[in-house]
Amino acid sequence: MEHAVEVEAVGRTFPISGGKQLQALEDVSFVVGLGEVVGLLGVNGAGKTTLTKILATLLLPSSGAARVMGYDVVADTRGVRTSMSVILGGDRGLYNRISGRENLAFFGMLAGVSRRDLRERIPLMLDQVNLADAADRRVETYSKGMRQRLHVAIGLLSRPQVLLLDEPTVGLDPLEADRLRETIHQLRREGTSILLTSHLLLDVERLADRVVMLDQGRVTADLPLRKFAGLAGYAAVVTLTYRGALDLARSLPAGAAVDRHTHEGELSTLVLKLREWSGDLFGALGRLVDDVQIQDIDVRPARLEEAFATLSARRP
Amino acid sequence: MIRTELVKTLRRPRTWVTILLLNALPTLVAVLLALTDLGPRPGSGPAFLSAVLADGTLFPLAALAIILPLFLPVAVAVVAGDSVAGEAQQGTLRYLLVRPVSRTRLLVAKLVAVIAFVLLAVVVVAAVAYVVGSVLLGDQALAASVSGTVLTPAQVAVRTLLAIGYITLSMLGVAAIALLLSTMTDSPLAAALGALAFLIASSLLLTLDAAQTLQPYLPTRYWLAFVDLFRDPIFWRDIVRGIGLQAVYVVVFLGAAWANFTTKDITS
Ligand SMILES: Nc1ncnc2c1ncn2[C@@H]1O[C@H](COP(=O)(O)OP(=O)(O)O)[C@@H](O)[C@H]1O
Ligand SMILES: [Mg+2]
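Residues numbered from 1 in each chain as written. Chains lettered and ligands numbered in written order. Predicted model: local features only at pLDDT ≥ 70, side-chain atom pairs only at ≥ 80, totals over all residues. Heavy atoms only, no water.

1. Let's talk about the confidence of the model for chain B
Residues and elements named next belong to chain B. Chain-level pLDDT for chain B is 86 on average; 89% of the residues reach the 70-or-more range. For chain B, strand S1 (residues 143–144) is the element with the lowest average pLDDT, namely 64, and helix H4 (residues 71–90) is the one with the highest, namely 94. For this predicted complex, the interface confidence reaches an ipTM of 0.81, while the overall pTM sits at 0.83. (pLDDT = per-residue confidence, 0-100. Helix = DSSP H or I, 4+ residues; strand = E, 2+ residues; numbered from the N terminus.)

2. Brief notes about the packing of helix H3 (residues 100–110) of chain A against helix H4 (residues 115–128) of chain A
All names here are of chain A. Orientation of H3 relative to H4, taken along the N-to-C sense of each, is 130°, at an axis distance of 10 Å. For the element pair H3 / H4, the angle class is oblique. Our pair here, H3 against H4, has a crossing hand that is right-handed. Seen from H3, the contacting residues are Arg101, Leu104, Ala105, Gly108 and Met109; seen from H4, they are Leu118, Ile122 and Leu126. Of the residues belonging to the contact of H3 with H4, the class tally is six nonpolar, one polar and one charged. (Axes fitted to C-alpha atoms, helices over the stretch in contact; angles between N-to-C directions. Parallel < 35°, antiparallel > 145°, perpendicular 65-115°, else oblique. Left-handed = near helix turned anticlockwise from the far one by under 90°. Contact = heavy atoms within 4.5 Å. Nonpolar A, V, L, I, M, F, W, Y, C, P; charged D, E, K, R; others polar.)

3. Things to note about the packing of aromatic side chains
Taken as a whole and judged by the stated rule, the model has six aromatic pairs over all chains. Considering the side-chain rings of tyrosine 95 of chain A and phenylalanine 106 of chain A, the 5.3 Å spacing of their centres and the 90° angle between planes classify their relative orientation as edge-to-face. Here phenylalanine 106 of chain A lies in helix H3 and tyrosine 95 of chain A lies in the loop between strand S6 (84–87) and H3, a separation of eleven residues in the sequence. Residue classification places phenylalanine 106 of chain A among the buried residues on the basis of a relative accessible area of 10%. Ring plane angle 10° and centroid distance 5.8 Å describe the contact between tyrosine 249 of chain B and phenylalanine 253 of chain B, whose orientation is recorded as stacked. Taken together, the residues tyrosine 249 of chain B and phenylalanine 253 of chain B, both in helix H9 (residues 237–263) and four residues apart, mark about one turn of the helix. For the pair formed by tyrosine 249 of chain B and phenylalanine 253 of chain B, the shared burial category is buried. These aromatic residues form a ring-pair network of at least three members: Tyr95, Phe106 and Phe107 of chain A. (Phe/Tyr/Trp six-rings, centres within 6.5 Å; stacked < 30°, edge-to-face > 60°. Buried < 20%, exposed > 50% of the residue type's maximum accessible area, 1.4 Å probe, protein only.)

4. Points about H4 of chain A
Residue and element names in this part refer to chain A. Taking 1.5 Å per residue, 14 residues should reach 20 Å; H4 reaches 20 Å between its end C-alpha atoms and fits that length. Within H4, the full set of buried residues consists of Leu118, Arg121, Ile122, Met125 and Leu126. For H4, the secondary structure elements touched by its buried residues are H3 and helix H5 (144–157). (Expected span 1.5 Å × (residues − 1).)

5. Concerning the sheet that holds strand S9 (residues 210–215) of chain A
Residue and element names in this part refer to chain A. Ordered in space as S6-S7-S8-S3-S9-S10, the six strands form an open sheet in which the pairing is mixed. Each edge of the sheet is formed by a strand with only one pairing partner; in this case those strands are S6 and strand S10 (218–224). Each strand of the sheet is rotated relative to its neighbour by a mean of 15°, with strand direction disregarded. Here strand S7 (residues 162–166) runs beside strand S8 (residues 193–198); their pairing, made up of five bridges, is parallel. Note that in S8 the partner of valine 162 across the bridge is serine 193. Across the sheet, helix H6 (residues 174–190) is in contact with strand S3 (37–41), S7 and S8; its angle to S8 comes to roughly 150°. (Pairing = 2+ DSSP bridges.)

Next comes the structure, spelled out in structure tokens:
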């Protein structure tokens, strides 16, 4: 077995009013390699949660097949459930009247973690998600972020080989979201295979090796992160603030395009999009700005937002 | 799994509040009886109320007869209706079902917890009523059976235990109906009310002559047959029928609950 998750031509319909069927997923195929982090990206309603739930054995596929660590999600649910943890986003799904530690112990026990391992791992997990101080408080006193981090701790307690994350950062303030990303990042270093679902590009950008894009239940892209970003049509954006005069018409290097050029008193701001990330191009840029007094330069790789916008615009 | 469900039930404040409330009415009745010494006329009012004036040790049976028609089934419907739907509403159901514990086992654990609750409630009500009855209404060495003959304390004790068993069993039909509804909705309230509606319909039909052909199959039909345990000799016919009928309800509704739950999409 070389893949942690295999999705083969999976379809799923939901009955809707009027006896009609809603096609939430259609002929979806992709894999998540062992130790790989795949970002499943799509706007709301694209089918991300439906797919995650199929992999988590909560929903049955209407057609096609899927396997987690080689176990079929329909025929071999026990195998799937033993090798996988799922974190479904949001802050519900915890027992509010008992403490965080007790929640961990309860779900850990259900996952088949032995008493001895529980005793050993629970404090470690609480530390890892920064909940050690609040561990013995009732969960109803937790903030949204704390609950979400408790979900992460519960999910990781059983040391799953595969982790399914559905919109893990949704509803978190930026600081909490960053902490969560750091936790996921650490897992990735430990070799856990992860399918990360999000409509937030930042999550995928920071965490994924590869991006699968879902649109209206179909896969519209399956690319390494770098290439996906390249779909934006350019690789980097350079923002230049300077004093003086630039003759763009004469000296703009090939492969660079002016996105914006504004002047405010003595200061001018120039935003350039670069088609590729190359030394030659940066060299040419350097010569371009030789004659002016540079106040500030900012170079950043193209964002997934931009690729996302391009892809979404291409939709029929 | 079963153990944790039991612990969860016992640790819930709701369990104990419900049991406390179940004790309130019988205790009030005992106080009133002790103060006024006026029982209902024989033949009217819940069974045993007249007999307990003569002997407080029969009061557990009176107490059970008081809560049996309404309060106990309401409590059972609420607890059983909450068992799966409550987890769905909290969002914990999906996190239970992604664990390597089969849905069948989860349902069995829920059922065991409900049965434990019923048994606990019935036993506590009987025990409290025994104490209250002995203290307020006095206990004589010899109690009269419903048929007028005398029962020894040992006989009373054995028959009380049998009655507790029969009443618990009678509640299993309610529990099975509520459990089925609980697997069908995400609202614990809807499940409990649905089961109650079923029981109320059953009680109404029992009073309707036109429904005579249905009556032997209504779930509440033989509930009060536990009184027959206190006839001399014990009149078994209705008790046996009651047990058989409850068994049918349990098998049919639990079967449906199982079939529904084990194949259900978890969307909540
Ligand atoms: N239980 C359901 N019944 C009917 N339609 C559903 C159900 N669950 C999801 N859908 C529909 O399936 C589509 C995909 O939903 P979902 O997987 O939640 O998307 P995402 O997670 O990408 O936002 C949506 O159109 C949604 O309305
Ligand atoms: Mg979703």
